[in-house]
Amino acid sequence: MGRNYCPTTPWKRIGSRWEKGSAEKGSEPFTVPAVVDTKAISEKGSDPFSAVTPNRKSIAVLPFSTRSKVEDDQFFSDGMHDDLLTQLAKIGELKVISRTSVMEYRDTTKNLREIAAELGVTNILEGAIQRSGDQVRINVQLIDAQTDEHLWAEIYDRELTAESLFAIQTEIAKAIAAALHATLSPEEQQRIEQTALTQNLEALQAYRRVRLLVEDGDDESLKRAQQETELALQLDPSFAAAWALLARVHMGMVWSGDRSDTRLAAARQAIEKGRAISPDLPELNIAEGYLYYWGSRDYANAIRVLEPVLLAYPNNAEVLKVLSFVYRRQGRFDESLQQLLRAFELEPRSIQTATALSETYQILRDFKRAQDFLDTAEAINPLSSRYQFTAAAAQYAIDGDPVAAVRSWSHDKSAVRFEIWRANAAMGNFDLSQDFAAFNGAYTLGEVRLLPQLMQGMSLRLAGDPAGAKPFLDQAIENYRSFLQENPDEFKILKPMCWATGAANAAGEAKTVCHQALQHLPDDAWDRNFHRQDIACGFAMAGLNAEALDLIESVLSDRAGPSRVELQLDPLLHSLHDEPRWQKLMAEPVQ
């Protein structure tokens, strides 16, 4: 985004207005490059912008071309491309760029040297596919992009069967390894030469379509993916990889919001059926990793099943990312960054990975690197919703600019309703905050169940209308008490109950409930200190300033958590601003 890095210039209230404050003494702006050189990322993650020697065994496989305009032929070509990348991902000595980062070069006008430079590789593989009846022709050539030398080329004319397609991919992968002088271990040789996933060509085609649909991740794509996977399994019930993919589809729907017992049970059953056919299939481990991660927040078991996958697929960027996200949840931030940086080497055009790195550095309060990767994400696609959300979060928590944050969030107000509520309340725009408080029923934000009565009551309380807030807060408290009768230790109820009683000035009950919420914090290092910040808000609203400040001090002493700017903007903590202890905490430099 080309902005100067200056985390010490939050917005400040001047009467009823908000104005940009001046930088504290000693802060210096940092201007980052418009585009980060992804080739300079260190595998160890110690310095993502240090220079590294170009990898002679690095390769990008460009999307295969096809002369056909038929959609199914394009799916076939993309499926062959994806399958080859899967084979190459098994070779540890190679650096293989992921599918997400090469697809934008379909029909590109850029030359190979430009593409190689952008992807951080030395070699490019191009290919073309033609289908005619029951025959297929595949033409591939491996080129050194720096010298334009053709290292290897081959034409395959084969019968169109599942076995022959798998054999072609195996031959190409081995030929590429030989041309780039990559030595295959006995285990890699065995994995590459394993038998085809299925003998049924139609089932294979359906499976390939699902793999491409799962990348989209939207509800419609996932619904279609479920239908296609079930078709593949009707055609070949012994297709273990398809059972793994069906579990992945179910878990995608869980992540999208369908956390029903039926959906989780369906994913578990699909994994069990796949295990009965092929117990050691890595794809089943990946599916089970998502089941533990997204389904039950069982991070230890997610790592147990995911880490062995990297032995089979050392170039699998997806597994590297999922492991990094689970490590973050466990508080293993250095390991998380190491895996994310490695993933970014393999997919340097990935918005998800660039923003994940920005978010991780931000929560670790390394704002310089957070901004670097945010600028990288903008250079990739400034219109991406993921980039827009991450940019807005940085504008709020690093720049201290709630106005810009709300502007950036405006592309999808439904997805960031709570964030917009908080930012408007921080700016004193209480009419707008009340508009966004109307959640149209219970609204679950992460581990918290928000009720519209709570949000309306807090909006009115912050606006200086305690009488108008009281009936809303009383109703919210009554509802939360009812929920707690069923499960008195449920954090997603205890935390908003802490807010409700604090906003209602029920100091005695707020103290009890807020401490109870602290005792039942989710075992999650990524969210932990944001939850603790929110519980401090309950204490502060109840006038329990000592308890609130104790908690804020503890939050700031931890490695990961909200920034001081973010705490200063929090409208629920404004009552602490005149406390000398608060002022001292906010004046201390970031470690």
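The paragraphs below set out a description of the structure included in this document.

Definitions and cut-offs
Residues numbered from 1 in each chain as written. Predicted model: local features only at pLDDT ≥ 70, side-chain atom pairs only at ≥ 80, totals over all residues. Heavy atoms only, no water. Helix = DSSP H or I, 4+ residues; strand = E, 2+ residues; numbered from the N terminus. Buried < 20%, exposed > 50% of the residue type's maximum accessible area, 1.4 Å probe, protein only. Contact = heavy atoms within 4.5 Å. Areas by Shrake-Rupley, 256 points an atom, 1.4 Å probe, with all protein chains shown as cover. Disulfide = S-S within 2.5 Å. Axes fitted to C-alpha atoms, helices over the stretch in contact; angles between N-to-C directions. Left-handed = near helix turned anticlockwise from the far one by under 90°. Nonpolar A, V, L, I, M, F, W, Y, C, P; charged D, E, K, R; others polar. Expected span 1.5 Å × (residues − 1). Polar contact = N/O pair within 3.5 Å; in protein donor to acceptor, adjacent residues only side chain to side chain. Phe/Tyr/Trp six-rings, centres within 6.5 Å; stacked < 30°, edge-to-face > 60°. Lys NZ or Arg CZ within 6 Å of the ring centre and 35° of its normal. Pairing = 2+ DSSP bridges. Salt bridge = Lys/Arg side-chain N within 4 Å of Asp/Glu carboxyl O. Bend = angle between axes of the 7 residues up to and from the residue.

Points about the overall build of the chain
- Regarding its fold elements, the chain presents 28 helices and twelve strands.
- Going through the 591 residues of the chain one by one, you find that 55% of them count as buried.
- Residue pairs in contact within the chain that sit at least 24 positions apart in sequence constitute 62% of those at least 6 positions apart.
- Total accessible area on the chain is roughly 25100 Å²; 48% of this is exposed by carbon and sulfur atoms.

Brief notes about the state of the cysteines
- Summed over the entire model, instances satisfying the criterion amount to one disulfide.
- The disulfide bridge from Cys498 ends at Cys514, spanning 2.0 Å between sulfur atoms. Across the disulfide from Cys498 to Cys514, rotation about the S-S bond amounts to roughly 95 degrees, and the bridge is consequently right-handed. Pair noted here: Cys498 is in helix H23 (residues 491-503) and Cys514 is in helix H24 (residues 507-519), with a separation of 16 residues, a long-range link.
- Here Cys498 falls in the buried class, since its relative accessible area comes to 0%.
- Accessibility expressed as a relative area gives 0% for Cys514, which makes it buried.

Topic: the environment of Gln130
- One can find Gln130 in strand S8 (residues 123-132).
- The spatial distance from the C-alpha of Gln130 to the C-alpha of Asp73 is 8.5 Å, given a sequence separation of 57 residues.
- With near-sequence residues (within four places) excluded, Gln130 lies in contact with Arg67, Gln135, Val136 and Arg137.

Observations regarding the environment of Pro348
- Examined against the element boundaries, Pro348 turns out to sit in the loop between helix H14 (333-346) and helix H15 (351-363).
- Between the alpha carbons of Pro348 and Glu118 there is a distance of 8.0 Å; along the sequence they are 230 residues apart.

A look at the packing of helix H21 (residues 452-462) against helix H22 (residues 466-486)
- The interhelical angle for the contact between H21 and H22, taken along N-to-C directions, is 145 degrees, at an axis separation of 8 Å. Every pair of crossing elements has a handedness; the one defined by H21 and H22 is left-handed. Across the interface between the two elements, Gln453, Leu454, Gln456, Gly457, Met458, Leu460 and Arg461 from H21 touch Gly468, Ala469, Phe472, Leu473, Gln475, Ala476, Asn479 and Tyr480 from H22.
- Across the contact of H21 with H22, the residue classes break down as eight nonpolar, six polar and one charged.

Overview of helix H17 (residues 385-397)
- Given a rise of 1.5 Å per residue, 13 residues ought to cover 18 Å, and the 18 Å separating the end C-alpha atoms of H17 matches this to within 8%.
- With ten of its 13 residues buried, H17 lies for the most part within the structure.
- Listed in full, the buried residues belonging to H17 are Tyr387, Gln388, Thr390, Ala391, Ala392, Ala393, Ala394, Gln395, Tyr396 and Ala397.
- Residues of H17 that are buried sit in contact with H15, helix H16 (367-380), helix H18 (402-409), helix H19 (417-427) and helix H27 (564-569).
- Between a side-chain oxygen at the N-terminus of H17 and the backbone nitrogen of Arg386 the separation is 3.2 Å; the capping residue is Ser384.

Some words on unusual backbone geometry
- Even without being glycine, Asp107 reaches a positive phi, approximately 60 degrees.
- Even without glycine at this site, Arg365 takes up a positive phi of about 65 degrees.
- The topology assignment puts Arg365 in the loop between H15 and H16.

Comments concerning the packing of aromatic side chains
- Applying the stated criterion across every chain yields a total of twelve aromatic pairs.
- Consider the rings of Phe389 and Trp409, whose centres lie 6.2 Å apart with planes at 45 degrees: the pair is tilted. Here Phe389, found in helix H17, pairs with Trp409, found in helix H18; they are 20 residues apart in sequence, far enough to count as distant.
- Among the aromatic residues, those joined into a cluster by ring pairs are Trp255, Tyr290, Tyr293, Trp294 and Tyr299.
- Over the ring of Phe76 we find Arg208, and its NZ or CZ is 5.4 Å from the ring centre.

Examining the pairing of S8
- Here strand S5 (residues 58-61) runs beside S8; their pairing, made up of three bridges, is parallel. Within S8, the position partnered with Ala60 by the bridge is Ile124.
- By the bridge criterion, two bridges tie strand S6 (residues 65-66) to S8 in an arrangement that is parallel. From the neighbouring strand, Thr66 faces S8, where its bridge partner is Ile129.
- Where S8 and strand S9 (residues 135-144) come together, ten bridges link them in antiparallel fashion.

Re the environment of Trp152
- Relative to the helices and strands, Trp152 resides in strand S10 (residues 149-159).
- Here the alpha-carbon distance between Trp152 and Val140, two residues twelve residues apart in the chain, equals 8.4 Å.
- When residues no more than four places from it in sequence are discounted, the contact partners of Trp152 are Leu125, Val140, Gln141, Leu142, Ile172, Ala175, Ile176 and Ala179.

A word on the pattern of salt bridges
- Inspection of every chain in the model, using the stated rule, returns 36 salt bridges.
- Residue Glu171 is joined to Arg158 by a salt bridge in which the shortest nitrogen-to-oxygen separation is 3.2 Å. Residue Glu171 is located in helix H4 (residues 162-179), and its partner Arg158 is located in strand S10; the two are separated by 13 residues in the primary sequence.
- Salt-bridge contacts for Arg342 lead to Glu345; the nearest nitrogen and oxygen are separated by 3.5 Å.

A few points about H22
- Relative to the 30 Å expected for 21 residues at 1.5 Å per residue, H22 spans 30 Å between its end C-alpha atoms, a close match to the ideal helical length.
- Maximum bend of H22: about 25 degrees, positioned at Phe472.
- Among all positions in H22, only Ala469, Leu473, Ala476, Ile477, Tyr480 and Leu484 are buried.
- Turning to H22, the residues buried within the fold contact strand S12 (448-450), H21 and H23.

Some remarks on the pairing of S5
- Alternating positions in S5 separate into two faces, Ser58 and Ala60 on one and Ile59 and Val61 on the other, with burial throughout.
- Summarising the sheet, S5 and strand S7 (residues 95-96) pair through two bridges and their orientation is parallel. Across the sheet, residue Ile59 finds its bridge partner in S7, namely Val96.

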